[in-house]
Amino acid sequence: TAGFYQTKMVATSDAGCNDSVTKTVQAFTAPSARFTASNVCDNESMSFNNLSSSASSYAWNFGDMSGSATSTAPSYTYSTDGSYDVELIASTSNGCVDTFTSQVSVYRLPSAAFSASSVCDGESVVFSNSSSGASSYSWSYGDGQGSALSAPKHTYATSGSYTVELIATSSNSCNDTVSNSVTVN
């Protein structure tokens, strides 16, 4: 517990003689370093929620050999996906320190890609999905219709050029979007 304390030291010689000294010492409150952060997808900024107590300054090491900060609750964008051991050192003005380390993850983005051939009016367009790293898909055909199938077919009501959008989503809820034009003659 922080506060002022009287300490007494007694020294006894081999001959049994005693001497003592009393000093007042001050014990300082130790900081407690803690933080939370939610995992993010690649290219997203990660926000760190500082839960430390009794500290007046902070030193962050983001675990990627290049990122650091001294702010209370920083945000950081990693240059590549992976797992990182983030270290927070919380310090008091009296030189007391505490260190807390926690692992965070930056998830890889899926890659959305597809192709489709032009068709004649009344024929179904077959979409060839060549996405990678995705576990679910959301198609928008450009005519108000859509699908969640991996490789759907669609018949347009009228001829024309349509912008088709595919959103590929990974198991970690990371998204990539691609758009291509499809012509119905």
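Residues numbered from 1 in each chain as written. Predicted model: local features only at pLDDT ≥ 70, side-chain atom pairs only at ≥ 80, totals over all residues. Heavy atoms only, no water.

J.: Teacher, can you tell me more about the overall build of the protein chain here?
T.: Scanning the protein chain from terminus to terminus reveals zero helices and 17 strands. Classification of the 185 residues of the protein chain by burial places 29% in the buried group. Restricting the contact set of the protein chain to residue pairs at least 6 apart, pairs at least 24 apart contribute 49%. Carbon and sulfur atoms make up 45% of the accessible area of the protein chain, which amounts to about 10,700 Å² in all. Separation between the mean location of the 5 positive side-chain charges and that of the 14 negative ones in the protein chain comes to 18 Å. (Helix = DSSP H or I, 4+ residues; strand = E, 2+ residues; numbered from the N terminus. Buried < 20%, exposed > 50% of the residue type's maximum accessible area, 1.4 Å probe, protein only. Contact = heavy atoms within 4.5 Å. Areas by Shrake-Rupley, 256 points an atom, 1.4 Å probe, with all protein chains shown as cover. Lys, Arg positive; Asp, Glu negative; His and termini not counted. Charge placed at Lys NZ, Arg CZ, Asp CG, Glu CD.)

J.: Help me understand the side chain of Asp64 in this model?
T.: Within the secondary structure layout, Asp64 lies in the loop between strand 6 (57–61) and strand 7 (68–69). Buried charge without a partner: Asp64 forms no salt bridge, and the closest opposite charge is Arg108, 15 Å away. Of the polar contacts made by the side chain of Asp64, one reaches the side chain of Tyr76; its length is 2.6 Å. (Salt bridge = Lys/Arg side-chain N within 4 Å of Asp/Glu carboxyl O. Polar contact = N/O pair within 3.5 Å; in protein donor to acceptor, adjacent residues only side chain to side chain.)

J.: Would you mind showing me how to read the sheet that holds strand 11 (residues 114–116) here?
T.: Adjacent strands of a sheet form backbone hydrogen bonds with each other and so pair up, either parallel or antiparallel. Read from one edge to the other, the open sheet built from three strands follows the order 11-12-15, with strand pairing classed as antiparallel. Looking at the sheet topology across the chains shown, the edges are occupied by strand 11 and strand 15 (153–155). Averaged over all pairs of adjacent strands, the angle between their axes in this sheet comes to 25 degrees, without regard to strand direction. As paired strands, strand 11 and strand 12 (residues 124–129) are joined by three bridges and run antiparallel to one another. Within strand 12, the residue paired with Ala116 across the bridge is Phe127. (Pairing = 2+ DSSP bridges. Axes fitted to C-alpha atoms, helices over the stretch in contact; angles between N-to-C directions.)

J.: What should I look at first to understand the pairing of strand 16 (residues 160–169) in this one?
T.: If a strand is regular, its side chains alternate between the two faces of the sheet. Direction of pairing for strand 13 (residues 136–140) relative to strand 16: antiparallel, over a ladder of five bridges. Among the inter-strand pairings, Ser138 is bridged to a residue of strand 16, identified as Ile167. Where strand 16 hands over to strand 17 (residues 175–184), the hairpin turn is made up of five residues, of which Ser173 adopts a positive phi near 70 degrees.

J.: Looking at this structure, I do not really get the pattern of salt bridges. What am I missing?
T.: Two side chains with opposite charge may pair up if their charged atoms get near one another. One pass over the full model with this rule turns up two salt bridges. Taking the shortest distance from any N to any O, the salt bridge between Arg34 and Asp98 comes out at 3.9 Å. A residue pair is termed long-range when its members are at least 10 positions apart, and Arg34 in the loop between strand 2 (18–27) and strand 3 (35–37) and Asp98 in strand 10 (residues 97–107) qualify at 64 residues. On the basis of relative accessible area, Arg34 is assigned to the partly exposed category, the value being 37%. The class for Asp98 is partly exposed, based on a relative accessible area of 22%. The partner of Arg108 in a salt bridge is Asp81, with the nearest N and O atoms 3.4 Å apart. Placement of Arg108 in the loop between strand 10 and strand 11 and of Asp81 in the loop between strand 8 (75–76) and strand 9 (82–91) is noted, with a sequence separation of 27 residues between them. Assessed through its relative accessible area of 59%, Arg108 is described here as exposed.

J.: What exactly am I supposed to notice about the sheet that holds strand 3 here?
T.: Strands sit in the order 3-5-8 across an open sheet of three strands; the sheet is antiparallel. The open sheet has two edge strands with one neighbour each: strand 3 and strand 8. Taken together, the three bridges between strand 3 and strand 5 (residues 46–50) define a ladder with antiparallel strand orientation. When the bridges of strand 5 are listed, Ala37 appears paired with Phe48.

J.: Can you walk me through the environment of Asn18 in this structure?
T.: By the secondary structure assignment, Asn18 is in strand 2. By relative accessible area, Asn18 is classed as exposed at 55%. Note: C-alpha distance between Asn18 and Val126 (108 residues apart in sequence) is 99 Å. Not counting the four nearest positions on each side in its chain, Asn18 is found in contact with Ala11 and Thr12. Side-chain polar atoms of Asn18 contact the side chain of Thr12, separated by 2.7 Å.

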